[in-house]
Amino acid sequence: DLIAGGRNKKTARTAPKSDNVYLKLVVKLYEFLVRRAEGNFNKVILKRLFQSRTNRAPLSLSKLAKFMAGKEEKIAVLVGSVTDDVRLFDVPKMRVCALRFTETVRARIVKNGGECLTFDQLALERPTGKNCVLLRGPKSHRESIKHFGAAGVPGSDAKPYVRAKGRKFEKARGRRKSRGYRA
């Protein structure tokens, strides 16, 4: 990255790209906490608040419940979205702090005696991050990542870009044993 006067080696973000007023206020709050509270917890949160949406992957309710099993008195902290999972039948009671919750997830957590916190509420309650579990969603679960790599090459599991999933589309030679060979 070139900047007038030479190379710029510092490419990490120092502010969010978004123009969201609430996000900017949370950033202001955590910049203060990084300066005034000890520990690296707030530093990590501030760094993640700057990240792009791709790097703030969502976490499902089922994964959240799995990670929080046996940590009932702690607060789950996720810089990103919490999404619903219909496969999870019983939602355990838990306190979660996240940037956003889908409507259904918020309703389910609150209904089962849990609590959905915002980052300013978390800052008041746990300024140092004591008894908090910092979580992240899976970054590698995006659809586009399934297409990375060379599709159709032996040993590759890359998903080809196909306009339809029918019999006539990339299902002939090289794709099945009955049509010549299977790569």
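Everything discussed here concerns the structure shown above.
Residues numbered from 1 in each chain as written. Predicted model: local features only at pLDDT ≥ 70, side-chain atom pairs only at ≥ 80, totals over all residues. Heavy atoms only, no water.

(A) Expanded view of a positive patch on the surface. A surface patch of like charges, here positive, comprises Arg-163, Arg-167, Lys-168, Arg-176 and Arg-179. Among the structural elements, Arg-167 can be located in the segment after β7 (132-135). Arg-167 gets classed as exposed once you look at its relative accessible area, which sits at 70%. (Patch = residues over 30% accessible without salt bridge, like charges linked within 9 Å, V, L, I, M, F, W, Y side chains within 5 Å. Areas by Shrake-Rupley, 256 points an atom, 1.4 Å probe, with all protein chains shown as cover. Salt bridge = Lys/Arg side-chain N within 4 Å of Asp/Glu carboxyl O. Lys, Arg positive; Asp, Glu negative; His and termini not counted. Charge placed at Lys NZ, Arg CZ, Asp CG, Glu CD. Helix = DSSP H or I, 4+ residues; strand = E, 2+ residues; numbered from the N terminus. Buried < 20%, exposed > 50% of the residue type's maximum accessible area, 1.4 Å probe, protein only.)

(B) Quick look at the side chain of Ser-60. Assignment of secondary structure puts Ser-60 in strand β3 (residues 59-60). Overall, the relative accessible area of 18% leaves Ser-60 in the buried class.

(C) Looking closely at the pattern of salt bridges. Scanning the model with the defined rule gives seven salt bridges in all. In this structure, Arg-108 and Asp-84 form a salt bridge, with 2.8 Å as the shortest nitrogen-oxygen distance. Taken as a pair, Arg-108 in helix α4 (residues 103-111) and Asp-84 in the loop between β4 (75-83) and β5 (95-101) lie far apart in primary sequence, 24 residues in all. Among the residues examined, Asp-84 registers a relative accessible area of 26% and is labelled partly exposed. We note a salt bridge from Lys-146 to Glu-143, for which the minimum N-O separation is 3.8 Å. Overall, Lys-146 belongs to the partly exposed group, its relative accessible area being 45%. Residues participating in the shared-partner salt-bridge network are Arg-95, Glu-115 and Glu-125.

(D) Expanded view of helix α2 (residues 41-49). Taken together, the buried positions of α2 are occupied by Phe-41, Asn-42, Ile-45, Leu-46, Arg-48 and Leu-49. Each buried residue of α2 sits inside an arc of 165° when the element is viewed along its axis, so together they form one side. Tucked into the core, α2 has its buried residues touching α1 (21-36), β4, β5, α5 (119-125) and β7. (Arc of directions from axis to C-beta. Contact = heavy atoms within 4.5 Å.)

(E) Just empty space enclosed by the protein, in detail. One pass over the full model with this rule turns up one cavity of 30 Å³ or more. The computed volume of the largest cavity comes to approximately 70 Å³. Across the lining of the largest cavity, the residue classes break down as four nonpolar, three polar and four charged. (1 Å grid on protein atoms, 1.4 Å probe; cavity = no way out; pocket = protein on both sides within 12 Å on 5 of 7 lines; lining within 4 Å. Points joined across faces, edges and corners; volume = space filled by probe spheres on them. Nonpolar A, V, L, I, M, F, W, Y, C, P; charged D, E, K, R; others polar.)

(F) Highlighting the nonpolar core. With 20 residues, the main nonpolar core has Tyr-30, Ile-45, Leu-49, Val-77, Phe-119 and Leu-122 as its most contacted residues. Among the elements that make up this core, the one with the highest residue count is α1 (five residues). If near-sequence neighbours (up to four positions away) are discounted, Leu-49 is found in contact with Pro-16, Leu-23, Val-26, Val-27, Tyr-30, Val-79 and Leu-99. Listed in part, the 19 residues of the second largest apolar core include Leu-61, Ala-76, Leu-78 and Val-91. (Core = buried A, V, L, I, M, F, W, Y, C linked by side-chain atoms within 4.5 Å.)

(G) Quick peek at the pairing of β5. Bridge analysis of β4 against β5 gives six bridges, and the strand direction is parallel. Paired with Ser-81 across the strands is Arg-100, a residue of β5. The pairing of β5 with strand β6 (residues 115-117) spans three bridges and is parallel. Within the sheet, the bridge partner assigned to Val-96 lies in β6 and is Cys-116. Note on the crossover from β5 through α4 to β6: the handedness is right-handed. (Pairing = 2+ DSSP bridges. Right-handed = clockwise from strand over helix to strand, strands pointing away.)

(H) The environment of Phe-119, seen in detail. By the secondary structure assignment, Phe-119 is in helix α5. Assessed through its relative accessible area of 2%, Phe-119 is described here as buried. Distance from Phe-119 to Val-26, taken between C-alpha atoms, is 6.8 Å for residues 93 residues apart in sequence. Not counting the four nearest positions on each side in its chain, Phe-119 is found in contact with Val-26, Leu-29, Tyr-30, Ile-45, Val-77, Leu-78, Val-79, Cys-97, Ala-98 and Leu-99.

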